[in-house]
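# Examining the three-dimensional arrangement
Spelled out, the chains give:
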Amino acid sequence: MATDLEKKAKEAFIDDYFELAYDLYSQAIEISPNSAELFADRAQASIKLQNFTEAVADANRAIELEPSMSKAYWRKATACMKLEEYETAKVALEKGASLAPGDSRFTNLIKECEERIAEETGELQKQPLETGPTNVVSTNNVQPATNISSTEDVETVMDVSNEAAMAAPARPKYRFQILMHEFYQKPEEVVVTVFAKGIPAKNVTVDFGEQILSVSIDVPGEEAYHFQPRLFGKIIPAKCRYEVLSTKVEIRLAKAEPIQWSSLEFSKGAVVPQRVNPPSVSGSPRPTYPSSKPTRVDWDKLEAQVKKEEKEEKLDGDAALNKFFQEIYADADEDTRRAMKKSFVESNGTVLSTNWKEVGSKKVEGSPPDGMEMKKWEY
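Summary of the structure given here.

Cut-off values and rules
Residues numbered from 1 in each chain as written. Predicted model: local features only at pLDDT ≥ 70, side-chain atom pairs only at ≥ 80, totals over all residues. Heavy atoms only, no water. Helix = DSSP H or I, 4+ residues; strand = E, 2+ residues; numbered from the N terminus. Buried < 20%, exposed > 50% of the residue type's maximum accessible area, 1.4 Å probe, protein only. Expected span 1.5 Å × (residues − 1). Contact = heavy atoms within 4.5 Å. Pairing = 2+ DSSP bridges. Axes fitted to C-alpha atoms, helices over the stretch in contact; angles between N-to-C directions. Parallel < 35°, antiparallel > 145°, perpendicular 65-115°, else oblique. Left-handed = near helix turned anticlockwise from the far one by under 90°. Nonpolar A, V, L, I, M, F, W, Y, C, P; charged D, E, K, R; others polar. Core = buried A, V, L, I, M, F, W, Y, C linked by side-chain atoms within 4.5 Å.

Before going further, it helps to examine the side chain of Asn203. Looking at the element boundaries, Asn203 is found in the loop between β2 (189–197) and β3 (204–208). The buried category is assigned to Asn203, whose relative accessible area is 12%.

A separate point is helix α3 (residues 36–48). Here α3 spans 19 Å end to end across 13 residues, near enough to the 18 Å set by a 1.5 Å rise per residue. When you tally the buried positions in α3, you get ten out of 13 residues, the bulk of the element. Of the residues making up α3, those classed as buried are Ala36, Leu38, Phe39, Ala40, Asp41, Arg42, Ala43, Ala45, Ser46 and Ile47. Buried residues in α3 make contact with α1 (2–14), α2 (18–31), α4 (52–65) and α5 (70–82). Looking one or two places after α3, you find Gln50, whose phi comes out positive at around 65°.

Counting buried positions over the seven residues of strand β7 (residues 248–254) gives seven, a clear majority of the element. The two faces of β7 match: Lys248, Glu250, Arg252 and Ala254 on one face and Val249, Ile251 and Leu253 on the other face are all buried. Sheet topology places β2 next to β7; seven bridges connect them, and they run antiparallel. Bridge pairing in β7 places Thr193 opposite Glu250.

At a minimum axis separation of 8 Å, α5 and helix α6 (residues 86–99) run at an interaxial angle of 160°. One element, α5, and the other, α6, form an angle in the roughly antiparallel class. Handedness of the crossing formed by α5 with α6: left-handed. Counting all contacts with α5, which are made through Ser70, Tyr73, Trp74, Lys76, Ala77, Cys80 and Met81, the residues of α6 involved are Tyr86, Thr88, Ala89, Ala92, Leu93, Lys95, Gly96 and Leu99. By residue class, the composition of the contact of α5 with α6 is ten nonpolar, three polar and two charged.

The subject of this paragraph is the nonpolar core. By size, the foremost hydrophobic cluster in this structure holds 26 residues, and its most contacted members are Ala12, Leu24, Ala62 and Met69. Those elements giving two or more residues to this core turn out to be α1, α2, α3, α4 and α5. Top element by residues in this core is α2. It accounts for eight residues. Ignoring any residue separated from it by four or fewer positions in sequence, one finds Met69 in contact with Ala36, Glu37, Ala40, Ala62 and Leu99.

What follows is about the environment of Ser246. Summarising the element assignment, Ser246 is placed in the loop between β6 (241–244) and β7. Sequence separation of Ser246 and Ala201 is 45 residues, and the distance between their C-alpha atoms is 9.6 Å. Setting aside chain neighbours within four positions, we find Ser246 in contact with Ala196, Lys197 and Gly198.

Structure representation (structure tokens):
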């Protein structure tokens, strides 16, 4: 049973039905709670759904059950990167790389981790100088920035520096960084995610039109971000909503029609979308898959159609004559049929009589056409 659910979950994942895949993996885990493979795969579904905390938890469980599973470390690292837990991600990547030395993905992402860690450390070290260059902070209680050895020490310096530099303009405590936007869809809605970390909700404006989405992120001192596409299909503005989270802005667009969007934005050459008719498992939409079960054929209807076509068919020559005799035989009584059979066989196909009284008591002699003669074949 768990194997069947796992197979269906993989198929749903391939078809981009990530919520369905997550639900199916969860059902399989209830049956096989000690399967590291199921936890690792559910972690991947959570990553696609932007549920990074849950993805880390599932990856940790997979590692606990099977410490040598390299993909569990990869998925933990991927989720940690999204959560900006770069140190944790780096540790997971280094362990995964030792288990899969031939996989270059680990090496490449380790380098990216190191760059992100260096960027954050560098920014934090520079911040006390930027907040108040003319205000000197006493070094009796806090070490200079050049001697900082840990992230906790950096945060301490920042706090003390901000308190001492009251005359200097305060810098925002968030770091504005738009990474990208992406979307995925379900039959009834499209979910658009704008990856932007540390953005206060008051600086985010989202408006919905019949076929327009408008997203504005305006942070003082930073370049404003505007995203206003004409959508692929129509939406229901009253049912649309959005939420500003710590690392992203998640926007849910309610489709006016349950059709499959081939892209987020409208284009003139777009193919006419097909209506989606998803079945459901436990109330969740799920895709349909090809079946090897043969299609049921209505044989009675097919037979009636063939008979109708045969009846309406127009024939010429011998074919028309044969059809005429077939119709006579089909509608004849038993004596007539016996006469037809006996006369045809005994005359070697040269006589066809319908009178049983005439041919029933004697042998029917052959009667060849004019200009022809009967011959008896010898074997």
